[in-house]
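Coordinate inspection notes
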Amino acid sequence: MNITELLNPAAESHNIFEATDVDIYNAVMEAQKACEQSAVLGTSDDNDEEPVEAAPTRKEALQAVVLLRKYTKGLDNPCAHKVESVLSTFGQMTRTKESRSMRESKITSYFTHKV
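Attention in this report is confined to the structure presented alongside it.

Scoring rules and cut-offs
Residues numbered from 1 in each chain as written. Predicted model: local features only at pLDDT ≥ 70, side-chain atom pairs only at ≥ 80, totals over all residues. Heavy atoms only, no water. Helix = DSSP H or I, 4+ residues; strand = E, 2+ residues; numbered from the N terminus. Expected span 1.5 Å × (residues − 1). Buried < 20%, exposed > 50% of the residue type's maximum accessible area, 1.4 Å probe, protein only. Contact = heavy atoms within 4.5 Å. Patch = residues over 30% accessible without salt bridge, like charges linked within 9 Å, V, L, I, M, F, W, Y side chains within 5 Å. Areas by Shrake-Rupley, 256 points an atom, 1.4 Å probe, with all protein chains shown as cover. Salt bridge = Lys/Arg side-chain N within 4 Å of Asp/Glu carboxyl O. Axes fitted to C-alpha atoms, helices over the stretch in contact; angles between N-to-C directions. Parallel < 35°, antiparallel > 145°, perpendicular 65-115°, else oblique. Left-handed = near helix turned anticlockwise from the far one by under 90°. Nonpolar A, V, L, I, M, F, W, Y, C, P; charged D, E, K, R; others polar.

1. Side note on helix α4 (residues 78–100)
Taking 1.5 Å of rise per residue, 23 residues should cover 33 Å, and α4 covers 33 Å from first to last C-alpha, within 8% of that figure. Among the residues of α4, those classed as buried are Ala80, Leu87, Gly91 and Thr94. Where α4 is buried, its residues meet α3 (58–73).

2. Points about a nonpolar patch on the surface
On the surface, Ile24, Tyr25, Val28 and Met29 cluster together into a nonpolar patch covering about 390 Å² of accessible area. In this structure, Met29 sits in helix α2 (residues 21–41).

3. Description of the packing of α3 against α4
In contact at an axis separation of 10 Å, α3 and α4 are set at 160 degrees when each is read in the N-to-C sense. By the angle class used here, α3 and α4 are roughly antiparallel. Once α3 is placed against α4, the crossing between them reads as left-handed. Counted together, Arg58, Ala61, Leu62, Val65, Leu68, Arg69, Thr72 and Lys73 of α3 and Ala80, Val83, Glu84, Leu87, Ser88, Phe90, Gly91, Thr94, Arg95 and Glu98 of α4 form the full contact between these two elements. Here the contact of α3 with α4 is built from residues that sort into eight nonpolar, four polar and six charged.

In structure tokens form, the structure reads like this:
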């Protein structure tokens, strides 16, 4: 047995160019049927029942940055300097993201007109 046969065993090799539209359709339908059956039996891989934890707010993330900066301030090694650099970049990124999400407004929008 040579290296090519070890890396690409005949039992595992599939020539997709020989597959017809009917073969592809049948494979898709079998996969869909298996997915539906697993959902009915409760054995699906989807964990939709688990609550999704909300992402931290920008304020909470920046508080964590401040805490990490305080910790790394007293350290004098290359890793600490890299962490400080990444934290600075993170702060800039969050400011940019926040400024892009702002809507344009006019000062007159905040006052009512008296007639």
